[in-house]
Amino acid sequence: MSGIETHVLWHVRHLTVEEDGRIIHRDADGSLHLDEEEWRILGIYSRREAAEAHLERARKLPGFCDEPDCFTISPLEIDEDLWTDGYFTERPDGSVED
C-alpha cells in the first residue's frame, strides 16, 4: 500500500419508484438506499475538504439538485485492490451468468 489516501465524491441517482410514487433516497438508519441506482464519480480529491466543497457546488447543478442528499464521500487508498472477488450478472428472468 502506498499510504496515500484520496476522497472520492459520488452521487447516486435512484431509479426505482415505489408503488405509492415515492423514491427512497435514504434508509431509516440514514445510509443511502441501495436498490436500483445509477452511480457517478464527480471527482477524486487529495483532501476531504475539497470533496465537500465540490459536493456543495454540485447540489445546485441540474440533475444533482433533484437528489441533493444522495452524495457520499468515500476514502480510497491509492494502489489498494478494491474488487478481489469476481462477479455475476443476474438477468431479469432470474438466470445467472458468470
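Residues numbered from 1 in each chain as written. Predicted model: local features only at pLDDT ≥ 70, side-chain atom pairs only at ≥ 80, totals over all residues. Heavy atoms only, no water.

### Regarding the nonpolar core
As a reminder, the rule being used: Throughout this description, the term nonpolar core refers to a set of buried Ala, Val, Leu, Ile, Met, Phe, Trp, Tyr and Cys residues connected via side-chain atoms within 4.5 Å. The buried label applies to any residue whose accessible area, calculated with a 1.4 Å probe on protein chains only, is under 20% of its type's maximum; exposed applies above 50%, and partly exposed to all values in between. The helix count covers DSSP runs of H or I at least four residues long, the strand count covers runs of E at least two residues long, and both are numbered beginning at the N terminus.
Within the largest apolar cluster, 9 residues are counted, these being L9, L42, Y45, A51, L55, A58, F64, F71 and I73. Ranked by residues supplied to this core, first place goes to helix α1 (residues 48–58) with 3 residues.

### Side note on the packing of aromatic side chains
Convention followed: Aromatic rings from Phe, Tyr and Trp, with only the six-membered ring used for Trp, were paired whenever their centres fell within 6.5 Å, and each pair was classed as stacked if the ring planes differed by under 30 degrees, edge-to-face if by over 60, and tilted otherwise.
This structure, assessed with the given rule, holds 3 aromatic pairs. Each ring, one from F64 and one from F71, has its centre 5.9 Å from the other, and the planes form 35°; the classification is tilted. F71 gets classed as buried once you look at its relative accessible area, which sits at 7%. Aromatic pair W83 and Y87: ring centres 6.2 Å apart, planes at 70°, arrangement edge-to-face.

### Here's the deal with a nonpolar patch on the surface
Condition: Two distance rules govern patches: like charges are joined within 9 Å, and nonpolar side chains (Val, Leu, Ile, Met, Phe, Trp, Tyr) within 5 Å, applied only to residues with over 30% relative accessible area and no salt bridge. Accessibility throughout is a Shrake-Rupley quantity obtained with a 1.4 Å probe, and a residue counts as covered only by protein chains that appear here. What counts as a salt bridge is simple: a side-chain nitrogen of Lys or Arg found within 4 Å of a carboxyl oxygen of Asp or Glu.
Together, L82, W83 and Y87 make up a nonpolar patch on the protein surface, roughly 470 Å² of accessible area in all. Structurally, the position occupied by L82 is in the loop between β3 (71–77) and β4 (89–90).

### A word on the environment of E90
Locating E90 in the fold gives a position in strand β4. Assessed through its relative accessible area of 56%, E90 is described here as exposed.

### A look at the side chain of T6
Put simply, the rule reads: Throughout, a residue-residue contact means that at least one pair of heavy atoms, one from each residue, lies within 4.5 Å.
Among the secondary structure elements, T6 is positioned in strand β1 (residues 5–14). Look at T6 and you get buried, because its relative accessible area is 9%. What T6 contacts, discounting residues up to four positions off in sequence, is I44, Y45, S74, P75, L76 and I78.

### Digging into α1
Residues spaced three or four apart along an α-helix point in a common direction, a consequence of the helix completing one turn every 3.6 residues. Selection rule: Taken from the helix axis, the directions to the C-beta atoms give the arc we talk about.
For α1, the full list of buried residues reads A51, H54, L55 and A58. Taken down its axis, α1 places every buried residue within 105° of arc, on the same side.

### Some thoughts on unusual backbone geometry
Of note in this structure, D79 is not a glycine but carries a positive phi near 70°. In this fold, D79 is placed in the loop between β3 and β4.

### What to know about the environment of V96
Mapped onto the elements of the fold, V96 is located in strand β5 (residues 96–97). Apart from the residues within four sequence positions on either side, V96 is in contact with F88, T89 and E90.

### With respect to the pattern of salt bridges
What the rule picks out here adds up to 6 salt bridges. Close ionic contact of E38 with R13 constitutes a salt bridge, the shortest N to O distance being 3.4 Å. Here the residue E38 occupies a position in strand β2 (residues 37–45), and R13 occupies one in strand β1, the gap between them amounting to 25 residues. Across the pair E56 and R59 runs a salt bridge whose closest N-O atoms are separated by 2.9 Å. Here the salt bridges do not stand alone but share partners, grouping R13, E38 and R40 into one network.

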